[in-house]
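Chains, contacts and geometry: an overview
So the chains spell out like this:
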Amino acid sequence: MVDISVKNVAKKLNIKDYQVAETLKLLQDGATIPFISRYRKEVTGGLDEEQVASIFNLYEYDVELQKRKEYVKNILEEKKLLDPEIAKKIEQASTKQEVENIYEPFKIGKKTKATEALALGLGPFADLILNNKDENFNVFKEAAKYIDNKTLLNTDDVIEQTKFIIAQNISQDPLVRDFVKNQLVNYGTIITKKKNVEDEKETFKQYYDYNEKVKTIPNHRILAITRGEDKKILSYTIEFNEKVIIYHLNNKFFINKRTAKIINESIKDALDRLIFPSIIREIKADLFERAEKEAIELFAQNLEDLLLSPAVKNKSILSIDPGYLNGCKCAMLDGNGNYLEGFIIYPHSSSKDKFLEAVKKCHEILSKYYVDLIVIGNGTASRETEEFVDKLLKVRREKGFNIDTKFAIVSEVGASVYSASKIAQEEFPNLELEYRSAINIGRRFQDPLNELIKIDPKSLGVGQYQHDVNQKQLASKLSFKVDKAVNMVGVDLNTATKFILEYVSGLSKTIAQNIVDYRNENGVFKSRNELKKVKGLGPKAYEQSVGFLRIYDSKNIYDKTNIHPDLYDLADSVVKELEIDLKDIDVETLKSANIEELSNKLNSSKYDISLIIDSLLAPGKDIRDNKSGFIVNDKILRFEDIQIGQEIIGQVQNITNFGVFAYIGLKENVLIHIRNMKKDENHFIKHPSDVISIGSNINIKIIDIDKNNLKLQGKIIW
């Protein structure tokens, strides 16, 4: 019999039961997600990293969900409250929140108005009123039977207390709650107002007096409104047509005109006291959960795109972290990112001597080293530093020096976080924070993946409302994306730092350090097989990691590729069958190879054959090689110089629900709202990420300039 959670996960992901079951077995046996998705496709039926990760997460969630369902059903059954309708709703619930929503009206405290009335023995009278069809029924005559001359002194007391029981019964009716929630979701309006408190930066100005339909409000506005409510700056509620709801419920519960008034009053009490507040909380929770999920997914995708930004290989860089009073911190890096030397200059000082000293030092460095690029962080004093560098290079070009040296302003988001981190202290124990920051800015330009993994993803500025969402879920998703990116690209075993090795499939922090120690003691690895000599790296760790580690100087071409050592014999058979010369690979032969035919002939998996052929088509290929690089501006851009109608190239730095922010060489990014991303009037864009990704170079036309708040808006020119 197939595990119910396995079936549920398969249904959610629209895959086969066996794919879920086999994937779970592999995970339980210690296989990693990258390893499974690359080297066990024949077992999983071709699942990728995202699907494998989803199986693991969804299965755990579903197991917990089933346990919670059983718990709630048992509690309700013990209280004799579990009828077929409620049981069916619990079984059909697909989330924990849905189960809690069903259970909510039954979470009655030890003492409520209804429990007190029930303790007085009024339960039978409440049932009689709700179900009596006798047109001659006399409510007051029946109520008189319950007068006890203590608490229930007269029939009015009896009826008043009984209405509390009826109200509770109505509030616990799942069909009632479904109807009310449907009305509020489909026809309700979110209303926000500013409370009598200060909003110093007018962050929530848009929502001081705001309304929008519940049904259509976008996720980013939900996150903004929720934050405003949490900060007690905004009030946030839902308005709706109460009359429609009351009319419907009166019709639903009307049985006898003799009890109609009591029923009507009980309905109003149930709605105002028990149902509306509860349903509004549910809807708010549902909206936030929806918005939170999308925000986490968007942040994660942005991070993946950022990590997979193009590397700039073999480019020596002079990196500058600009500043005024504290000067510009500079770091000279060779083509592999090795730190050569650092210095501080004061080109923006009022002192003429300090300015001339800065000019002299820069001339000295540019003469001492071959500098391909000068990169400048986009923080304080970036534009002034850019102007200084531009003039300096013009002078040198006039004299025939640094003809090809260019410069660019690049994002320095997260560099200060890195500079104070334990990783930075360990890498550069003898350097001050400022130099570490400059090194990070330059290195991230050279190889974004290798450098950005050292920084907490939440400090990279590619998310929205990241501090408002579930931090555990966010951290888990971001960690997965880092692992995915590192293993997707692969790691050079002979140059990798321990910090990036820690993310390789199957490697722990200890083994990562042991690899570096082995390399330091024995020199570079000559083959993948040599990895087995590393202390603490057993057969399982070797199996899981070796396929993601590259040795580009190995005599064995397979060591440079995605081909796992377990597949080397099969690779030899493929090469022999196709008559491939590994010293001069015939690409066309590989491209035209019949995968199915080879699979049958060599009695092997079509997935393994495909992996071998793809790897041989581009041995040692970095998947980032075919991406466009960073924009290098060789002219000065000031905010004051930007004009409406001006066209400029920008690079996408962040993607949100409502649009993208593009870097154009200024500290201030350009906002391109989703409505300004269309190719034409008929072009519908559901989400900015459908047409744009982090790092994309785009042509922008400036359409609005807010000089007071230093904000720019533009549109994409397709």
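Where an unreviewed UniProt entry is consulted, the protein appears under the name Tex-like N-terminal domain-containing protein, with the organism given as Metamycoplasma gateae.

Broken down by element type, the protein carries 29 helices and 15 strands. Principal axes of the C-alpha set define a box for the protein whose edges measure 110 × 75 × 50 Å. The buried share among the 718 residues of the protein stands at 50%. Across the protein, contacts joining residues at least 24 apart in sequence account for 66% of those joining residues at least 6 apart. A total of about 36,000 Å² of accessible surface is found on the protein, and carbon and sulfur atoms cover 48% of it. Across the protein, the 106 positively charged side chains and the 108 negatively charged ones have centroids separated by 3 Å.

All right, on to the pairing of strand β4 (residues 317-321) then. Extensive coverage of β4 is indicated by the burial of five of its five residues. Burial of β4 is two-sided: the residues I317, S319 and D321 facing one way and the residues L318 and I320 facing the other way are all buried. With five bridges connecting them, β4 and strand β5 (residues 328-333) associate as antiparallel partners. Considered in β5, the bridge of D321 is made with K329. Looking at chain direction, β4 and strand β7 (residues 373-377) are connected through four bridges and run parallel. By the bridge assignment for β7, I320 is matched with I376.

The subject of this paragraph is the sheet that holds strand β14 (residues 697-706). With respect to topology, five strands assemble into a closed barrel ordered β11-β12-β13-β15-β14, the strand pairing being mixed. Each strand of the sheet is rotated relative to its neighbour by a mean of 55°, with strand direction disregarded.

Next up on the list: unusual backbone geometry. Residue N149 is not a glycine yet carries a positive backbone phi of 60°. With respect to the secondary-structure elements, N149 resides in the loop between α10 (139-144) and α11 (155-171). When its relative accessible area of 63% is taken as the criterion, N149 is described as exposed. Of note, N603 is a non-glycine position whose phi angle comes to about 50°, a positive value. You can see N603 is positioned in the loop between α28 (595-601) and α29 (606-617).

Turning our eyes to something else, we now look at the layout of surface pockets. One number sums up the size of the second largest pocket: a volume of about 1,600 Å³. Every residue lining the second largest pocket is counted, 37 residues in all, and those nearest its centre are N57, L58, Q473, S476 and K477. Those elements that provide at least two residues to the lining of the second largest pocket are α3 (33-39), α5 (49-78), α7 (96-103), α15 (260-307) and α22 (471-489). Residue classes in the lining of the second largest pocket are distributed as 11 nonpolar, 13 polar and 13 charged.

Quick look at the packing of aromatic side chains now. For the structure shown, the criterion picks out 10 aromatic pairs. Aromatic side chains F355 and F388 sit 5.9 Å apart centroid to centroid with 75° between the ring planes, which places their arrangement in the edge-to-face category. Of the two residues, F355 is situated in helix α16 (residues 352-368) and F388 in helix α17 (residues 382-398); the sequence distance between them amounts to 33 residues. Given a relative accessible area of 33%, F355 falls into the partly exposed group. Following the ring pairs from residue to residue traces out a cluster consisting of F35, Y39 and F548. Positioned over the ring face of Y208 is K194, at 5.5 Å from the centre of the ring. Above the plane of the ring of F253 lies K252, whose end atom (NZ or CZ) is 5.5 Å from the centre.

Rules of the game
- Residues numbered from 1 in each chain as written.
- Predicted model: local features only at pLDDT ≥ 70, side-chain atom pairs only at ≥ 80, totals over all residues.
- Heavy atoms only, no water.
- Helix = DSSP H or I, 4+ residues; strand = E, 2+ residues; numbered from the N terminus.
- Buried < 20%, exposed > 50% of the residue type's maximum accessible area, 1.4 Å probe, protein only.
- Contact = heavy atoms within 4.5 Å.
- Areas by Shrake-Rupley, 256 points an atom, 1.4 Å probe, with all protein chains shown as cover.
- Lys, Arg positive; Asp, Glu negative; His and termini not counted.
- Charge placed at Lys NZ, Arg CZ, Asp CG, Glu CD.
- Pairing = 2+ DSSP bridges.
- Axes fitted to C-alpha atoms, helices over the stretch in contact; angles between N-to-C directions.
- 1 Å grid on protein atoms, 1.4 Å probe; cavity = no way out; pocket = protein on both sides within 12 Å on 5 of 7 lines; lining within 4 Å.
- Points joined across faces, edges and corners; volume = space filled by probe spheres on them.
- Nonpolar A, V, L, I, M, F, W, Y, C, P; charged D, E, K, R; others polar.
- Phe/Tyr/Trp six-rings, centres within 6.5 Å; stacked < 30°, edge-to-face > 60°.
- Lys NZ or Arg CZ within 6 Å of the ring centre and 35° of its normal.

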